[in-house]
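Survey of secondary and tertiary structure
Each chain, written out:
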Amino acid sequence: MKKKPILEHNRRRFEAISIFLHEYRINNNLTQSDICQNLHRNSIVRAEKSAHDSIHPQNLTLLTLFEIVDGLDLSLKELFLDIE
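Residues numbered from 1 in each chain as written. Predicted model: local features only at pLDDT ≥ 70, side-chain atom pairs only at ≥ 80, totals over all residues. Heavy atoms only, no water.

**Overview of the side chain of T64**
- Locating T64 in the fold gives a position in helix α3 (residues 62-71).
- One polar contact links T64 to T61, side chain to side chain, over a distance of 2.9 Å.
- With residues up to four places along the chain from it excluded, the contact list for T64 reads L39 and S43. (Helix = DSSP H or I, 4+ residues; strand = E, 2+ residues; numbered from the N terminus. Polar contact = N/O pair within 3.5 Å; in protein donor to acceptor, adjacent residues only side chain to side chain. Contact = heavy atoms within 4.5 Å.)

**A word on the nonpolar core**
- The biggest cluster of nonpolar side chains holds 15 residues, and the ones touching the most others in it are L21, I44, L65, I68, L72 and L79.
- For this core, the secondary structure elements donating two or more residues are α1 (8-27), α2 (41-49) and α3.
- Excluding its chain neighbours within four sequence positions, the residues that come into contact with L65 are I17, L21, L60, L79 and F80. (Core = buried A, V, L, I, M, F, W, Y, C linked by side-chain atoms within 4.5 Å. Buried < 20%, exposed > 50% of the residue type's maximum accessible area, 1.4 Å probe, protein only.)

**A look at the environment of L30**
- Along the chain, the position of L30 falls in the loop between α1 and α2.
- L30 sits in the partly exposed class, given a relative accessible area of 25%.
- Sequence separation between L30 and G71 is 41 residues; the distance between their C-alpha atoms is 10.0 Å.
- If near-sequence neighbours (up to four positions away) are discounted, L30 is found in contact with R25, I35 and L72.

**Topic: a nonpolar patch on the surface**
- A surface patch of nonpolar side chains, amounting to about 480 Å² of accessible area, comprises L62, L63, F66, L76 and F80.
- Of all the elements in the fold, those that place two or more residues in the nonpolar patch are α3 and α4 (76-80).
- Per element, the largest residue contribution to the nonpolar patch is three residues, and it comes from α3.
- Here L62 lies in helix α3. (Patch = residues over 30% accessible without salt bridge, like charges linked within 9 Å, V, L, I, M, F, W, Y side chains within 5 Å. Areas by Shrake-Rupley, 256 points an atom, 1.4 Å probe, with all protein chains shown as cover. Salt bridge = Lys/Arg side-chain N within 4 Å of Asp/Glu carboxyl O.)

**Overview of the side chain of Q32**
- Topologically, Q32 is positioned in the loop between α1 and α2.
- There is a polar contact of 3.0 Å between the side chain of Q32 and the side chain of E48.
- Leave out the neighbours within four places in its chain, and Q32 touches R25, R41, I44, V45 and E48.

Purely geometric numbers; function is a separate question.
Structure representation (structure tokens):
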């Protein structure tokens, strides 16, 4: 099955989320393992790596995103505040 192309504005959103998650974690001196309470570390790696793979960003499920946000002790509002 061929992958559905990702529209440019959605690619930018994905990149913004990925960069935000990575920078927030680093700025709060957290390792990927620190926030893996209910996730495999690879889920966080994929979420942060998506910003660097502009051709094929990794698709995150909402559940995975919720778990990462909880692990960072963030609210969804904080995550999406600057995303257009």
